[in-house]
Amino acid sequence: MVAAQSTFLTTLLGSAPQRSTGMAWLDRVRAAALERANAAAVPSAREEEWRFTDLAPLARLSFQPRAQAAAPSTQAVAARLLPQAYARLVFVDGVFAEALSSLPSSAGVRVMALEQALRDEPALLEAQLARLGAYEHNVFTALNTAFLREAAVVVVDPGHAVSGPIHVLHLASGSAEPYAIYPRTLLVAGARSRCTLIEDFVALGEGAYFSAPLAEVSIAPDAAVSHIRLQREAASAFQIAAAFVEQARGSTYRLVHVALGARLSRLEVSVVHGATACETAIDGLAMIGARQLADTHTSVDHAHPEGRLRQTHRCVAGGAAHAVFNGKILVRDGAQRTDAAQSFRGLLLSERAQIDAKPQLEIFADDVKCAHGAAIGQLDAQALFYLRSRGLGEQQARNLLTYAFAAEVIERIAVPAVRSALARVVLERTREAA
Amino acid sequence: MIRAGAPVLLDVRELEASIGDKPILKGVSLEVRAGEVHAIMGPNGSGKSTLAKLLSGHPAYSVTRGSVAYRGSDLLGLSPEARAQAGLFLGFQYPVEIPGVSNAQFLRLAYNSVQAARGAEELDPLEFDDLVREKLALVDMDPSFLERNVNEGFSGGEKKRNEILQMALLEPVLALLDETDSGLDIDALRVVAGGVNSLAGADNAIVLVTHYQRLLNYIEPDYVHVMEGGQIIKTGDKALALELEARGYDWVRAEFDAARAAA
């Protein structure tokens with residue numbers, strides 16, 4: 001479909017002073033992506049993949065590239081840090097903040113910003129960067145790639161188990177002028193390695209900004225990656241994110257993703273089983289109110305036999321919020337003995353809230369187990385009465401039940417400090433949404 | 001224990017109530033004084049569970065006539081939580097499962113809500129843990145039940161023990177126990193009844209809603225009421241329960257109808 005380019009895209013693309021990265025291959029990738037972005041349009045609700053998510057509020061705005069990162073106070077940053085982390089990469093408005101980061105050097109794992117990675121691991125970067133993150137058909141991944149200048153890069157050697165989580169913290173400082181940022185993460189997990197990656201998107205101030213993060217996760221045979229993704233962008237921000245995951249034989253990928261912030265957010269997760277016996281777990285929570293929209297699109301491509309998927313998604317929508325879930329499970333011809341289960345539950349807290357859920361199972365193999373369930377409802381009246389009959393006020397009872405609904409996903413977070421911090425945030429959010 | 005001059009805790013007068021357009025209670029009167037144990041018996045659909053739920057503030061029922069006073073003040077205008085805070089307790093026939101909320105968290109929230117309303121001290125998790133472990137012994141429950149989600153995956157007997165545990169913590173003035181004996185084997189029944197008996201005192205009262213006489217072997221009632229068709233049609237002492245067990249309910253109805261016809 002050829003459509004007139006929106007102000008949104010014209011401004012973004014017109015503002016691209018493309019300095020060379022110093023790497024010819026990377027300049028070529030960026031140029032190709034820019035060409036794609038130039039030919040693209042902002043998706044409209046007429047497209048099936050965007051049926052429930054109206055990007056008109058985004059397309060109306062003009063965003064400039066962030067010229068200079070604001071320096072947040074150390075106090076504001078300190079509260080966002082995770083003491084248990086093995087390493088920390090901090091980006092402020094998309095720009096690597098070395099002074100706030102902590103990059104230990106020890107055998108078996110390298111945690112780097114892009115600049116250093118291009119210096120230290122040029123061959124690996126050339127082979128891996130933009131390999132999974134397909135930009136041919138998606139204007140937002142094309143934008144991210146076209147403007148690729150900053151990234152968090154994690155390389156885990158075969159057999160190595162990283163001693164603590166790797167915390168990639170994206171801070172948005174907020175600004176009166178709408179600006180655009182393109183966070184990017186590359187994780188390459190060697191065979192039999194173990195690691196936990198936390199991608200944490202936090203707003204320090206208010207302001208309308210546009211963020212199009214992209215993560216590429218490549219998991220070698222028998223490796224296990226735990227991926228936690230927290231979206232707490234500013235109330236007037238837009239985040240359109242994508243994560244591309246490729247699993248090799250016998251590997252495990254566990255994702256817990258939580259969306260609390262942004263005026264409009266979307267996460268597209270694409271997991272490909274590249275060989276037999278891959279195990280995937282995806283647990284998601286979107287908890288929104290006011291006029292927020294949170295869209296989650298996941299796709300797991302079972303291309304080989306004996307793959308396993310466990311997926312849970314929960315949406316809590318209050319106010320006039322709109323939550324969208326599309327969970328695609330593709331079982332290709334020959335992917336026998338695939339065992340997939342998907343469960344979706346939505347909780348509507350108000351009459352004006354809306355939830356759209358679409359389980360999408362496409363099965364071309366005959367010896368498979370695929371289960372899915374989807375339910376959308378309100379707080380259970382019996383449970384409310386039970387709590388009130390024990391002395392809890394009506395609002396307190398509602399908050400507790402709402403929290404409990406969300407807690408099922410939060411409890412899947414394997415890092416205790418993140419889990420308890422998020423539990424507090426969600427409990428507060430429950431009170432605000434009330 | 002019946003004592004002359006004991007304060008009236010509950011005074012239900014000519015109560016009529018319906019669910020939607022359907023009348024369920026058709027003129028119930030009941031007076032409960034401190035120290036007393038009442039049993040309300042009757043066949044299925046007689047309205048006895050409705051009465052218990054209505055008294056604790058269940059929103060499904062609307063009162064169309066009559067009045068209820070609790071310790072001398074109107075009860076019906078109060079929210080369910082205000083009733084609980086004032087010392088009313090409903091032991092549920094079907095305790096509700098609440099996934100995602102631990103039993104310990106739930107019990108402490110309930111306890112502190114009621115304590116705060118009474119102007120008494122609220123407890124932090126550690127202090128509360130001491131208290132709740134002491135009460136667990138009363139209903140012979142394993143402490144592991146505190147860590148589990150409220151009633152989730154509990155057996156019928158475990159759910160009922162959990163109800164009595166809540167009663168023990170909240171120390172109600174008036175406890176309405178709705179079919180607390182249903183679904184219990186004899187051991188669980190003994191434990192639950194033992195818990196209830198140890199909570200009965202001179203200053204509080206218990207109303208048991210039950211289908212079977214069996215429970216009354218363990219908790220001795222001062223009054224037995226027979227409810228049918230939304231009315232209390234006969235009141236007696238514990239001997240009445242045994243007679244009902246032996247003869248069924250039909251004769252009570254016949255007697256009631258005859259008396260009404262004669263009037």
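In what follows, the structure referred to is the one given above.
Quantities reported herein were computed from a predicted structural model and do not represent experimental measurements.

A.B. asks: Break down the sheet that holds strand E12 (residues 231–236) of chain B for me, citing the residues and quoting the values.
C.D. replies: Residues and elements named next belong to chain B. Spatially, E6-E9-E10-E3-E11-E12 is the arrangement adopted by the six strands of the open sheet, whose pairing is mixed. Looking at the sheet topology across the chains shown, the edges are occupied by strand E6 (88–91) and E12. For this sheet, the mean angle separating the axes of adjacent strands, direction not counted, is 20 degrees. Where strand E3 (residues 37–41) lies against strand E11 (residues 223–228), four bridges are found, and the strand directions are parallel.

A.B. asks: An account of the interface of chain A and chain B is needed here, citing residue identities and associated values.
C.D. replies: Opposite the 19 residues of chain A that make contact, chain B presents 31 residues. Carbon and sulfur atoms make up 65% of the area that chain A and chain B hide from each other, which totals about 1,900 Å². On the surface where chain A and chain B come into contact, there are two salt bridges. The partner of B:Glu163 in a salt bridge is A:Arg390, and the shortest N-O contact between them spans 2.7 Å. The interface formed by chain A and chain B contains nine residue pairs in polar contact (both at pLDDT 80 or more). Every element with two or more residues in the side of chain A that touches chain B is listed here: helix H8 (381–388) and helix H9 (394–410) of chain A.

A.B. asks: Tell me about helix H7 (residues 139–146) of chain A, and please be specific about residues and values.
C.D. replies: Residue and element names in this part refer to chain A. For H7, a buried count of eight out of eight residues is recorded, marking the element as mostly surrounded by other parts of the structure. Every buried residue of H7 is accounted for by Val139, Phe140, Thr141, Ala142, Leu143, Asn144, Thr145 and Ala146. Taking the backbone nitrogen of Phe140 as reference, a side-chain oxygen 2.7 Å away marks Asn138 as the first, capping residue of H7.

A.B. asks: Got a sec to walk through the sheet that holds strand E12 (residues 224–232) of chain A? Specific residues and values, please.
C.D. replies: Residues and elements named next belong to chain A. One open sheet holds the 10 strands; their spatial order is E3-E2-E6-E9-E12-E14-E16-E18-E20-E22, and the pairing between them is mixed. Strands at the two margins of the open sheet, each flanked by one partner only, are strand E3 (95–96) and strand E22 (369–377). Summarising the sheet, strand E2 (residues 87–92) and E3 pair through two bridges and their orientation is antiparallel. Residue pairing in the sheet places Phe91 in a bridge with Phe96 of E3. Set on the sheet, H9 makes contact with strand E14 (252–259), strand E16 (279–288), strand E18 (308–317) and strand E20 (339–348); between it and E16 the angle comes to about 150 degrees.

A.B. asks: Before we move on, can you summarise empty space enclosed by the protein with the specific residues and values?
C.D. replies: In this approach a probe as big as a water molecule rolls over the atoms, and the regions it shows empty are the leftover space. Residue and element names in this part refer to chain A. Throughout the structure, instances matching the rule amount to six cavities of 30 Å³ or more. The calculated volume of the largest cavity comes to roughly 90 Å³. Lining the largest cavity are 13 residues; nearest its centre among them are Arg229, Ala259, Ser265, Leu267 and Thr296. At the level of elements, E12, E14, strand E15 (264–273) and strand E17 (293–302) are the ones that each hand at least two residues to the lining of the largest cavity. Among the residues making up the lining of the largest cavity, the classes are represented as five nonpolar, five polar and three charged.

A.B. asks: A description of the pairing of E17(A) should follow, citing residues and the corresponding values.
C.D. replies: All names here are of chain A. Most of E17 sits inside the fold, with nine of its 10 residues counted as buried. One ladder, built from 10 bridges, connects E15 with E17; its direction is parallel. Across the sheet, Val272 pairs through a bridge with Asp301, a residue of E17. When E17 meets strand E19 (residues 322–331), the two strands line up parallel, connected through 10 bridges.

A.B. asks: Give a description of the layout of surface pockets that names residues and reports values.
C.D. replies: Residue and element names in this part refer to chain A. By volume, the largest pocket amounts to about 990 Å³. Lining the largest pocket are 35 residues, and of these Glu49, Trp50, His137, Asn138 and Glu268 lie nearest its centre. Residue assignment for the lining of the largest pocket shows that the elements contributing at least two residues are helix H2 (24–39), H7, strand E13 (238–247), E15, E17 and E19. Looking at the lining of the largest pocket element by element, the count peaks at six residues for E15. Of the residues belonging to the lining of the largest pocket, the class tally is 19 nonpolar, eight polar and eight charged. Lining the second largest pocket are 37 residues, with Arg80, Val202, Arg232, Leu260 and Val425 positioned closest to its centre. Elements represented by at least two residues in the lining of the second largest pocket include exactly strand E9 (194–203), E12 and helix H10 (416–433). The element contributing the most residues to the lining of the second largest pocket is H10, with 10 residues. Each of domain 1 (7–275) and domain 2 (380–434) contributes no fewer than three residues to the lining of the second largest pocket.

Calculation criteria
Residues numbered from 1 in each chain as written. Chains lettered and ligands numbered in written order. Predicted model: local features only at pLDDT ≥ 70, side-chain atom pairs only at ≥ 80, totals over all residues. Heavy atoms only, no water. Pairing = 2+ DSSP bridges. Helix = DSSP H or I, 4+ residues; strand = E, 2+ residues; numbered from the N terminus. Axes fitted to C-alpha atoms, helices over the stretch in contact; angles between N-to-C directions. Contact = heavy atoms within 4.5 Å. Buried area = accessible area lost by both parts, 1.4 Å probe. Salt bridge = Lys/Arg side-chain N within 4 Å of Asp/Glu carboxyl O. Polar contact = N/O pair within 3.5 Å; in protein donor to acceptor, adjacent residues only side chain to side chain. Buried < 20%, exposed > 50% of the residue type's maximum accessible area, 1.4 Å probe, protein only. 1 Å grid on protein atoms, 1.4 Å probe; cavity = no way out; pocket = protein on both sides within 12 Å on 5 of 7 lines; lining within 4 Å. Points joined across faces, edges and corners; volume = space filled by probe spheres on them. Nonpolar A, V, L, I, M, F, W, Y, C, P; charged D, E, K, R; others polar. Domains from an automatic or database assignment.

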